[in-house]
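Fold and contact review
The residues making up each chain are set out below.
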Amino acid sequence: MVIFKKTVDLKKYIELQKNSGKLVGFVPTMGALHEGHIELLKAAKIENEVVIVSIFVNPTQFNNEEDFKKYPNTIGKDINLLEANECDVLFLPGTNEMFPAGQPKTIYELGLLENVLEGKYRPGHFQGVAQVVHLLLKKVKPKTLYLGQKDYQQCMVIKKLIQVENLPVVVKVMPTIREKDGLAMSSRNLRLSPTARQIVPKIFETLQWVAAQIKEGDVTEIKGQALGMLSKNNFKVDYLEIANSLDLTPVSTWDGYTPVVILTAAYLDDIRLIDNLPVQNFK
Ligand code: AMP
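On a predicted model such as this, the values are computed, not experimentally measured, just so you know.

Conventions adopted
- Residues numbered from 1 in each chain as written.
- Predicted model: local features only at pLDDT ≥ 70, side-chain atom pairs only at ≥ 80, totals over all residues.
- Heavy atoms only, no water.
- Helix = DSSP H or I, 4+ residues; strand = E, 2+ residues; numbered from the N terminus.
- Buried < 20%, exposed > 50% of the residue type's maximum accessible area, 1.4 Å probe, protein only.
- Polar contact = N/O pair within 3.5 Å; in protein donor to acceptor, adjacent residues only side chain to side chain.
- Contact = heavy atoms within 4.5 Å.
- 1 Å grid on protein atoms, 1.4 Å probe; cavity = no way out; pocket = protein on both sides within 12 Å on 5 of 7 lines; lining within 4 Å.
- Points joined across faces, edges and corners; volume = space filled by probe spheres on them.
- Nonpolar A, V, L, I, M, F, W, Y, C, P; charged D, E, K, R; others polar.
- Pairing = 2+ DSSP bridges.
- Axes fitted to C-alpha atoms, helices over the stretch in contact; angles between N-to-C directions.

Tracing the sequence through the fold places E118 in helix 6 (residues 118-121). In this structure E118 comes out as buried when scored by relative accessible area, which is 5%. In terms of polar contacts, E118 uses its side chain to reach the side chain of Y239, at 2.6 Å. Not counting the four nearest positions on each side in its chain, E118 is found in contact with F126, Q153, Y239, A265, R272 and I274.

See the structure below:
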């Protein structure tokens, strides 16, 4: 695996690969890699001759300074894991490389996505995501971009970015990889205390409970009960919402056939976890 820290070196390498007709796949990450990230790499390996993974903990997408400071860093282990899984290139830029002084910051038109759910509770987060992903896409220019459904709203934001900026890239969204007890894998799980780790599978259990309960008609009662289930287990819930899968508008009365997704964000101790579950059983 080649590691590039500088854009100019990365660009030279990519140019060479593209000139020899090779397909380039790209997996952007913030490191502290786990099986969820590796599944994206594996999917990219199947469909491309060259796979580039980036690790950059993007300061502009953190609306909470403490969360940024405490974001796990396991770079030595990450490099070993990427090598073991035959990643071709690791792009590992520093902050000055991604955000050189004086570089203008674009504001993106993200519509409703910016103001609901994650957008509401993490002001500025998705502008930060859009900024960094746009910069990375301009550097890597992949044919295909691999994202995880774990970050459902983020996938929608990135698709919107690609649409508004008219970028020539295909997005592939891969399923959420979970621990055996259902907990969605996440770099932030490394920060959970042993006690909290025992409790957090309740998040996915609650989503599954909602998916099993939901039926045509008023769904506010189900949402209320699900919130209660999480609160009872000491979660501080930012939101638990049933939303239209295609635009994330909240659903209070379900018609029984519109595709919906159940999404939640909740803190246990001071660790914020998110998860989601699309509802499959349409009429
Ligand atoms: P992150 O490093 O958390 O910014 O995530 C980098 C990419 O990995 C994003 O596209 C995430 O959606 C994806 N990802 C993170 N966790 C998982 C998971 N448990 N399953 C599948 N993809 C994931």
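Still more ground to cover, so stick around.
Let's shift gears to empty space enclosed by the protein. The tally for this structure, following the rule as stated, stands at two cavities of 30 Å³ or more. Here the largest cavity is characterised by a volume of approximately 880 Å³. What lines the largest cavity is a set of 49 residues, among which M30, H37, K150, D151 and Q154 lie closest to the centre. Looking at the lining of the largest cavity, the elements with two or more residues in it are strand 2 (24-29), helix 2 (35-47), helix 7 (125-140), strand 5 (144-148), helix 8 (152-164), strand 10 (260-268) and strand 11 (271-278). Among the elements that make up the lining of the largest cavity, the one with the highest residue count is helix 7 (six residues). Broken down by class, the residue content of the lining of the largest cavity amounts to 24 nonpolar, 17 polar and eight charged. Taken as a whole, the second largest cavity holds about 60 Å³ of empty space. Residue lining of the second largest cavity: K150, G182, L183, A184, S186, N189, V200, I203, F204, L273, I274 and D275, and that is the complete set. Listing elements by their share of the lining of the second largest cavity, those giving two or more residues are helix 10 (201-213) and strand 11. Ranked by residue count, the leading element in the lining of the second largest cavity is strand 11, at three residues.

Take the sheet that holds strand 8 (residues 236-244) next. Strand order in the open sheet made by the three strands is 8-10-11, with antiparallel pairing throughout. Both outer strands of the open sheet, strand 8 and strand 11, are each paired with one neighbouring strand and no more. The average angle at which neighbouring strand axes cross in this sheet is 10 degrees, direction not considered. Across eight bridges, strand 8 lies against strand 10 in antiparallel orientation. Within strand 10, the residue paired with A243 across the bridge is V261.

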